[in-house]
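Structural description and commentary
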Amino acid sequence: MSAEFGGRTGRQGKLSQWLRGRRPKEDGADDGGREALLLAAAEAGLPLAPAAHPAPGYRCSCDRVGCPTPARHPVSFAWQTQSTTDSAQIERWARHQPQANFITATGMVHDVLDVPLEAGRQALERLLGDGIEVGPVAESDDGRLLFFTLTRGTPEDEDEWWPCELDCHPETMDEHPGLRWHCRGSYVLVPPARLPGEQGVHWVRGPEHPLPDPLTLLETLTDACARHAGADTDHADTAWPLRN
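Residues numbered from 1 in each chain as written. Predicted model: local features only at pLDDT ≥ 70, side-chain atom pairs only at ≥ 80, totals over all residues. Heavy atoms only, no water.

1. A word on the nonpolar core
Just so we agree on the cut-off: Definition used in this section: a nonpolar core is a set of buried Ala, Val, Leu, Ile, Met, Phe, Trp, Tyr and Cys residues joined via side-chain atoms within 4.5 Å. Relative accessibility decides the category of a residue: with a 1.4 Å probe and only protein chains considered, values under 20% of the type maximum give buried, values over 50% give exposed, and everything between is partly exposed. A run of H or I in DSSP counts as a helix once it spans at least four residues, and a run of E counts as a strand once it spans at least two, with each numbered from the N terminus. We call two residues contacting when some pair of their heavy atoms lies within 4.5 Å.
Grouped together as the largest cluster of nonpolar side chains are 29 residues, with contacts concentrated most on L48, F148 and V190. Every element with two or more residues in this core is listed here: α2 (33–43), β1 (48–51), α4 (87–96), β4 (101–105), β7 (144–150), β9 (187–190), β10 (193–195) and β11 (199–205). Ranked by residue count, the leading element in this core is α2, at five residues. With near-sequence residues (within four places) excluded, F148 lies in contact with L46, T104, H110, D111, V112, G135, P136, A138, V188, W203, L211 and P212.

2. Looking at the sheet that holds β4
So the rule is basically this: Paired strands, in this sense, are two strands between which DSSP finds at least two bridges. Each axis is a line fitted through C-alpha atoms, taken for helices only over the stretch in contact, and angles between the N-to-C directions span 0 to 180 degrees.
The strand order across the open sheet built from three strands is β1-β4-β9, with neighbouring strands paired in antiparallel fashion. The open sheet has two free edges, formed respectively by β1 and β9, since each of these has just one partner strand. For this sheet, the mean angle separating the axes of adjacent strands, direction not counted, is 40°. Judged from the four bridges that link them, β1 and β4 form a sheet pairing that is antiparallel. Within β4, the residue paired with L48 across the bridge is T104. Along the sheet, α4 contacts β1 and β4; its crossing angle with β1, the most-contacted strand, is approximately 15°.

Structure representation (structure tokens):
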């Protein structure tokens, strides 16, 4: 972490503490660290909007019976137009909704390459070892690693890419096992976020790192995902006789 962050030294101390592993208080109270991290993400260009948060009993604050994504979705259907980097608006949301998670809308300024945790860790080590610029990276305690990149924009050959629908999981494609590419029409939770079961989402590399071109990471990430998928298959094949 540099001595200054986004030109504002006042938040640097609190931000550094949170990046060293502090998590939100269980009662939703904020000592300034949560707000500092959200504002840091906004200063880095990530558009934010309020999201749901965990409720007792592994439920979601939205109170939808059987919510399929508890504490992981926006609170407003207008989240794409609501998402903003305006610091004053984000401060108001954070203070008026002290327990709320926040999402960042992808496909505007940034995309997110979302991979299984172990594959992502291996890829991150390889990328850094090769001297490749890696941008912000977040870890979700439910087993995913999120690589934040520049948005792919709108390529001339649109058929080469899939639109990222919220219920579409590109990891089912053979050429990208385990990989989800969040672009237009999608979102991810931005740290700090709380998930049911005392889990959360936190930064591994903070938003002070410039966003890289996604194509500089893609080959390494897909290779790591393929090895991860192959290891799982080998393990399953080995274990199969033991179940008979």
